[in-house]
Amino acid sequence: MSAIKLPRRLDLSAQYACNREGVPSRVDFRRWLRAAEPGAARVTVRIVDEAEGRALNRDYRGKDYATNVLTFAYDEGEDMPLPEGLPLMGDLVLCRQVVEREAAEQGKSVDAHYAHLSVHGMLHLQGFDHEIEAEAEEMEARERAILAELGISDPYLESPGGER
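Residues numbered from 1 in each chain as written. Predicted model: local features only at pLDDT ≥ 70, side-chain atom pairs only at ≥ 80, totals over all residues. Heavy atoms only, no water.

### Overview of the sheet that holds strand 4 (residues 88–95)
This is how it is decided: For two strands to be treated as a pair, DSSP must find no fewer than two bridges joining them. Each helix is a run of DSSP H or I of at least 4 residues and each strand a run of E of at least 2, with the numbering of both proceeding from the N terminus. Geometry is summarised by axes, namely lines fitted to C-alpha atoms with helices restricted to the contacting stretch, and by angles between N-to-C directions that run from 0 to 180 degrees.
A sheet is described by the order of its strands in space; here four strands give the open sequence 1-2-4-3, paired in mixed fashion. Only two strands of the sheet have a single neighbouring strand rather than two, namely strand 1 (10–16) and strand 3 (69–73). Each adjacent strand pair in this sheet contributes to an overall mean axis angle of 15°, direction not counted. Of the pairings in the sheet, the one linking strand 2 (residues 41–48) to strand 4 comprises eight bridges and is parallel in character. Bridging across to strand 4, Val43 finds its partner in Gly90.

Next comes the structure, spelled out in structure tokens:
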């Protein structure tokens, strides 16, 4: 039996669990996620403060600090596999303070950094990873191409401070 072919559709929920000032709009997130997702998807983007970001990273990854983006794919794990034919589903959690701090450190606009992390998270939902060098190179190449289509500079070029 073959998988059901779903129409290209993105059901997006945007949740702002922190001050929204300077945070991109739902329209922005939709544009960035759509560029990175070729088919049907149901995604929640949640913008959190550092306390929530740290708690989630600690509870789900065992790392006691807030990180820029966390991706939770609904089909991960063997306990609850999704039935075949459903759209891509998952949550992206972005930590506002970390995103803003990194953008400043890397000499990037905050919107460009949110766009990069949104694309990065959407690729994780599709199964891309960066734990192995060859996979990291493939994922970074896709990110560069998608961001270039959106008119956003290569996020992996060295910043003015010499960091990558």
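There's more to say after this.
### Here's the deal with the nonpolar core
Stated formally: The criterion is simple. A nonpolar core is a set of buried Ala, Val, Leu, Ile, Met, Phe, Trp, Tyr and Cys residues joined through side-chain atoms within 4.5 Å. For every residue, the accessible area (1.4 Å probe, protein chains only) is compared with the maximum for its type, and the residue is labelled buried under 20%, exposed over 50%, or partly exposed between those bounds. It only takes one pair of heavy atoms within 4.5 Å for two residues to be counted as in contact.
Counting 31 residues, the largest nonpolar core has Phe29, Val43, Val45, Ile47 and Leu94 as its most contacted members. Non-local contacts of Val43, meaning those with residues more than four positions away in its chain, are made with Leu10, Asp11, Leu12, Ser13, Leu33, Gly90, Leu92, Met122 and Leu125. With seven residues, the next largest nonpolar core counts Val48, Leu56, Leu70 and Cys95 among its residues.

### Structural notes on the packing of aromatic side chains
Applied cut-off: Ring geometry is summarised as follows: Phe, Tyr and Trp rings, the Trp one being its six-membered ring, pair when their centres sit within 6.5 Å, and such pairs are stacked at plane angles under 30 degrees, edge-to-face over 60 and tilted between the two.
A full pass over the atoms with the stated rule returns three aromatic pairs. Ring geometry for Phe29 against Tyr114: centres 5.9 Å apart, planes inclined by 90°, an arrangement best described as edge-to-face. Placement of the pair is Phe29 in helix 1 (residues 26–36) and Tyr114 in helix 4 (residues 110–125), with a sequence separation of 85 residues. Residue classification places Tyr114 among the buried residues on the basis of a relative accessible area of 0%.

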